[in-house]
Amino acid sequence: MPGYENLERDAIKVLRLNDLQTHTIPSKGLYSDDAWLWDSAFSAIGWSHINPRRGAVEIDTIFDGQWQNGMIPNMRIHRSDPVLWACRRLNQNAPRSVTTSGITQPPIMAEAVQRVSQKMDNDDRRPFTVNAIGRLAAYHEWIYNERNPGKSGLFAAVHPWETGMENTPSWIRHMETIDWGVTGRIIHALNPLIQLGRNDTKHAPKEQRSNSIESKLYAQSFIKLRSTHYDPARLADDYPLHIEDVHMNSILIRNNEILDELADEYDVPLSDTLRGHMAQTRTNLDTCLWDDTDQMYYPRDAVSGKLIKISTIASLMPIYAGSAPIERVDALIGHMTDPESFGLPYGIPTVPYNSPYYRKHCYWTAPTWLNINWALQDGLDRQEHALAAQSLRTMTLDMAEIGGMHEYFDAETAQGLGAKNFSWTAALTLDLIINQRDEH
Ligand code: GLC
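Residues numbered from 1 in each chain as written. Predicted model: local features only at pLDDT ≥ 70, side-chain atom pairs only at ≥ 80, totals over all residues. Heavy atoms only, no water.

**Student:** Hey, could you go over the site of the ligand for me, with residue numbers and the actual values?
**Tutor:** Near the ligand you find P26, Y31, W36, W38, D39, Q105, G164, E166, Y363, W364, F422 and W424, and these make up its full shell. A distance of 2.6 Å is found between an oxygen atom of the ligand and a side-chain nitrogen or oxygen belonging to D39. G164 places a polar main-chain atom, nitrogen or oxygen, 2.6 Å from an oxygen atom of the ligand. For the ligand, the accessible surface in isolation is 310 Å², of which the surrounding protein chains cover 97%. (Near = heavy atom within 4 Å. Polar contact = N/O pair within 3.5 Å; in protein donor to acceptor, adjacent residues only side chain to side chain. Areas by Shrake-Rupley, 256 points an atom, 1.4 Å probe, with all protein chains shown as cover.)

So, in structure tokens, the structure goes:
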């Protein structure tokens, strides 16, 4: 495949620039030196093309942060953290020798394990993969044990940071309806100070980042969450935000499938209970999160049992899950290609163009993110929509060529936005280029 040589070189350069040997940081400046769950999963996929062993190290760094109850945290924190998350002090399941956060992120690690494993030498492959299968099984079991409040097999996330799309309008609008109590009012009063202390707005234009109301909501919900000590019983009784998100559950479905494939291939048994839960998630994404009138998937508030009818990119993620009925996938492709909705020149935007919440340059409220496009093209391919997958890949690579290795992109013009030299943009650009070349 000619034409993307410069892009490929840039992508490799960015991964090397952000490489701390044990893990790849998202980008310098805007982000600290921590290892993030889904960032590292994507970086590992990028590394698998350069040096598969380095990809395996990336994954093992994330596994080192796994809690005793199986949870894999969204951040393995590089510095010590006695005050903010304070996990080691507050929860006995937190690892003793490494510092982590107390919540998770989209469960996309099985995807990374499989892709890295496929590229490894025979000698390295088995020990790495067998160990990973054990870690992944414990993680997916944790999801069903502790984040399955309705016993529906639907993963309920408890903080917008868990989705990796923190200011996505469905979560924000819902969080605005919650009374965050006394601590919420204290945070409200302290909000001007909180805004002054922010690092992100020092490294990227303010209008490209979460606004002050959104970041106040993150803080209010975080303080409330921390007061439960990340304990599932206390979360259930004394914490109001539990959302069965389409994005999280779609990723879970696909990664359950991959875990199942890996377990079969390496002859590692998975429990019948886990297999039962996996089947339930597949069924209930469609039974519980589909709205027939709007022909759209929506997140559900697990507390009231009501759908939150705001469409975002999460609504399209069942394309990645690969479990939706054909006619629903067709409906999603219809939304995806509709120029009034998600069909923008450099889509797929994270919020549809005709939404009242569309903010052209702001974070998860319109801009295109390359990791989402990567997941969607993969799902389209698996469901025999090869042409749609190919045109999404071409659009995505063109966008990266115009905008550079940025964190996200203007869906109308491909202008690069947010952090520069962003690792997952680089890693997945590389993956798209190399896979495409291998096919020709
Ligand atoms: C932001 C993103 C999240 C990502 C993190 C590190 O919080 O929204 O998805 O994991 O940055 O890049």
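**Student:** How would you explain the nonpolar core if you had to name every residue and give the values?
**Tutor:** The biggest cluster of nonpolar side chains holds 135 residues, and the ones touching the most others in it are W38, I59, M109, I348, I372 and L376. For I372, the contacting residues outside a window of four places in its chain are W38, M165, H247, I313, M317 and W364. By size, the runner-up hydrophobic cluster in this structure holds five residues, among which are V351, Y358, A366 and A411. (Core = buried A, V, L, I, M, F, W, Y, C linked by side-chain atoms within 4.5 Å. Buried < 20%, exposed > 50% of the residue type's maximum accessible area, 1.4 Å probe, protein only. Contact = heavy atoms within 4.5 Å.)

**Student:** Break down the packing of helix 2 (residues 37-50) against helix 17 (residues 370-382) for me, with residues and values.
**Tutor:** Look at helix 2 against helix 17: their axes get within 12 Å of each other, and the N-to-C directions meet at 65°. With respect to the hand of their crossing, helix 2 and helix 17 are arranged in left-handed fashion. Counting all contacts with helix 2, which are made through W38, F42 and I45, the residues of helix 17 involved are N371, I372 and W374. Among the residues forming the contact of helix 2 with helix 17, the class breakdown is five nonpolar, one polar and no charged. (Axes fitted to C-alpha atoms, helices over the stretch in contact; angles between N-to-C directions. Helix = DSSP H or I, 4+ residues; strand = E, 2+ residues; numbered from the N terminus. Left-handed = near helix turned anticlockwise from the far one by under 90°. Nonpolar A, V, L, I, M, F, W, Y, C, P; charged D, E, K, R; others polar.)

**Student:** If you had to explain the packing of aromatic side chains to someone new, which residues and values would you point to?
**Tutor:** For the structure on display, the rule yields 24 aromatic pairs. Taken together, a centroid distance of 4.7 Å and an interplanar angle of 25° make the contact between W369 and Y408 stacked. Note that W369 is positioned in the loop between helix 16 (326-337) and helix 17 and Y408 in strand 9 (residues 408-409), a separation of 39 residues in sequence. Both residues of the pair, W369 and Y408, count as buried. Measuring from ring centre to ring centre gives 6.5 Å for W369 and F422, while their planes differ by 85°; the resulting arrangement is edge-to-face. Note that W369 is positioned in the loop between helix 16 and helix 17 and F422 in the loop between strand 10 (416-417) and helix 19 (423-439), a separation of 53 residues in sequence. Chaining the aromatic ring pairs together yields one cluster made of Y31, W36, W38, F42, Y363, W364, W369, W374, Y408, F422 and W424. (Phe/Tyr/Trp six-rings, centres within 6.5 Å; stacked < 30°, edge-to-face > 60°.)

Nothing here speaks to function; it is all geometry.
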